[in-house]
Amino acid sequence: MLTKKQIRYCLDVMEEMFPNAEGELVHSNPFELVIAVLLSAQCTDKLVNKVTANLFKKYKKPEDYLNVTLEELEQDIKSIGLYRTKAKNIRKLCQVLLDNYNGEVPQTKEELMKLAGVGRKTANVVASIAFNEPAIAVDTHVERVSKRLGICRWKDSVIQVEETLMRKVPRDEWSVTHHRMIFFGRYHCKARNPNCPECPLLELCREGQKRMKKAIM
DNA sequence: CTCCCGATAT
DNA sequence: ATATCAGGAG
């Protein structure tokens, strides 16, 4: 397991590699961000942006999603995976926003997680990006990178990964850390073919060491 | 744990 | 062909 100091070093290297790491989901208000993040489950943000480019022209407010049939909404997001559940969740979510929140998006993680299709990760992303609340959303990239580097244990749950990161990273750096780890995971420490040979963190990375040994044999 | 699920990279 | 993609609900 990496020490706090080693983790600090990892984050500094990631900052150097990706100085402009930030959210890539296109949106112009909290409501659009919630929809975009909900759609992004098990799907690349690139594809989400392609779909929301048209979607957000057609649907501006929660009412707009409720004033069409479920089938029409499904067709509008069809190119994204899991589109049937996502369409249903969007409609439930919009109904709750209108019923309980005056059509606005709630600002706390606890309230956000009550919304249909919004779990821990989505709530953290929205709280962090839309409302500047310190949060570390553990998605597939953050989890993979944390486990490969040895920031946490392989068996840790996403909640344990989140707790470890919150414990070892200063609160005012949670949001940037989240984005740096995502960029590091998405473009360098990729799921399928991680670029270990050119990795500046190879020396302290347990998974990288293992992979390099395998590559030689 | 399983299911939802199309697009994309390898 | 298959793994993977800013996961969440039952």
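Computed from a predicted structure; not experimentally measured.

Considering the UniProt feature "domain: HhH-GPD" (unreviewed entry) in chain A
- The UniProt entry lists residues 39–187 under the feature "domain: HhH-GPD" (unreviewed entry), expressed in the numbering used here.
- With 65% helix and 0% strand, residues 39–187 has end C-alpha atoms that lie 21 Å from one another.

Details of empty space enclosed by the protein
- The final tally for this structure, using the stated rule, is 1 cavity of 30 Å³ or more.
- Reported here for the largest cavity is a volume of approximately 100 Å³.
- Taken together, 14 residues make up the lining of the largest cavity; nearest its centre are C189, C196, C199, C205 and G208.
- Listing elements by their share of the lining of the largest cavity, those giving two or more residues are α9 (140–149) and α12 (206–216).
- With 3 residues, the single largest contributor to the lining of the largest cavity is α12.

Some details on the layout of surface pockets
- What the largest pocket holds in volume is close to 870 Å³.
- Considering the residues around the largest pocket, the lining is formed by 31 residues, among which S40, C43, K121, D139 and T140 are closest to the centre.
- Where the lining of the largest pocket is concerned, the elements lending two or more residues are α2 (30–39), α3 (45–58), α8 (120–131), α9 and α11 (174–187).
- Here the lining of the largest pocket takes 6 residues from α11, the largest share from any one element.

With respect to the pattern of salt bridges
- Tallied over the entire structure, the rule returns 13 salt bridges.
- Across the pair D45 and R186 runs a salt bridge, and its minimum N-O distance is 3.4 Å. In this pair, D45 sits in helix α3 while R186 sits in helix α11, placing the two residues 141 residues apart along the sequence.
- Of the residues examined, R186 reaches a relative accessible area of 23% and is grouped as partly exposed.
- For K147, the salt bridge is made with E143, and the minimal N-O distance between the two is 2.9 Å. Placement of the pair is K147 and E143 together in helix α9, with a separation of 4 residues, close to one helical turn.
- Three or more residues joined by partner-sharing salt bridges are found here, namely R8, D12 and E173.

Topic: the protein's contact with DNA strand B
- Taken together, Q42, L47, K50, K78, S79, I80, G81, L82, Y83, R84, T85 and R192 make up the full set of residues near DNA strand B.
- Atoms of DNA strand B within 4 Å of the protein belong to the sugar or the phosphate in 60% of instances, the rest to bases.
- Within the contact set of DNA strand B, a phosphate oxygen lies 3.2 Å away from a side-chain nitrogen or oxygen of K50.
- R192 has a polar side-chain atom sitting 3.0 Å from a base nitrogen of DNA strand B.
- Only α3 and α6 (83–100) provide two or more residues apiece to the surface near DNA strand B.
- At 3 residues, α6 tops the list of elements feeding residues into the surface near DNA strand B.
- Grouping the amino acids of the surface near DNA strand B by side-chain chemistry returns 4 nonpolar, 4 polar and 4 charged.

Thoughts on the UniProt feature "binding site: [4Fe-4S] cluster" (unreviewed entry) in chain A
- Per the UniProt annotation, the sites labelled "binding site: [4Fe-4S] cluster" (unreviewed entry) are C189, C196, C199 and C205. The largest pairwise C-alpha distance within this set of annotated residues, which runs over 17 residues, is 11.1 Å, so the set is compact in three dimensions. Lining the largest cavity, from the residues just named, are C189, C196, C199 and C205.
- Mapped onto the elements, C199 comes out in the loop between α11 and α12.
- Judged by relative accessible area, C199 falls into the buried class, the value being 16%.
- Look past the residues within four positions of C199 in its chain and what remains in contact with it is F184 and H188.
- Its location among the elements puts C205 in the loop between α11 and α12.
- Excluding anything up to four places from it in sequence, C205 contacts R148 and L149.

Parameters and conventions
Residues numbered from 1 in each chain as written. Chains lettered and ligands numbered in written order. Predicted model: local features only at pLDDT ≥ 70, side-chain atom pairs only at ≥ 80, totals over all residues. Heavy atoms only, no water. UniProt positions renumbered as here; feature names shortened; annotations may be inferred. Helix = DSSP H or I, 4+ residues; strand = E, 2+ residues; numbered from the N terminus. 1 Å grid on protein atoms, 1.4 Å probe; cavity = no way out; pocket = protein on both sides within 12 Å on 5 of 7 lines; lining within 4 Å. Points joined across faces, edges and corners; volume = space filled by probe spheres on them. Salt bridge = Lys/Arg side-chain N within 4 Å of Asp/Glu carboxyl O. Buried < 20%, exposed > 50% of the residue type's maximum accessible area, 1.4 Å probe, protein only. Near = heavy atom within 4 Å. Polar contact = N/O pair within 3.5 Å; in protein donor to acceptor, adjacent residues only side chain to side chain. Nonpolar A, V, L, I, M, F, W, Y, C, P; charged D, E, K, R; others polar. Contact = heavy atoms within 4.5 Å.

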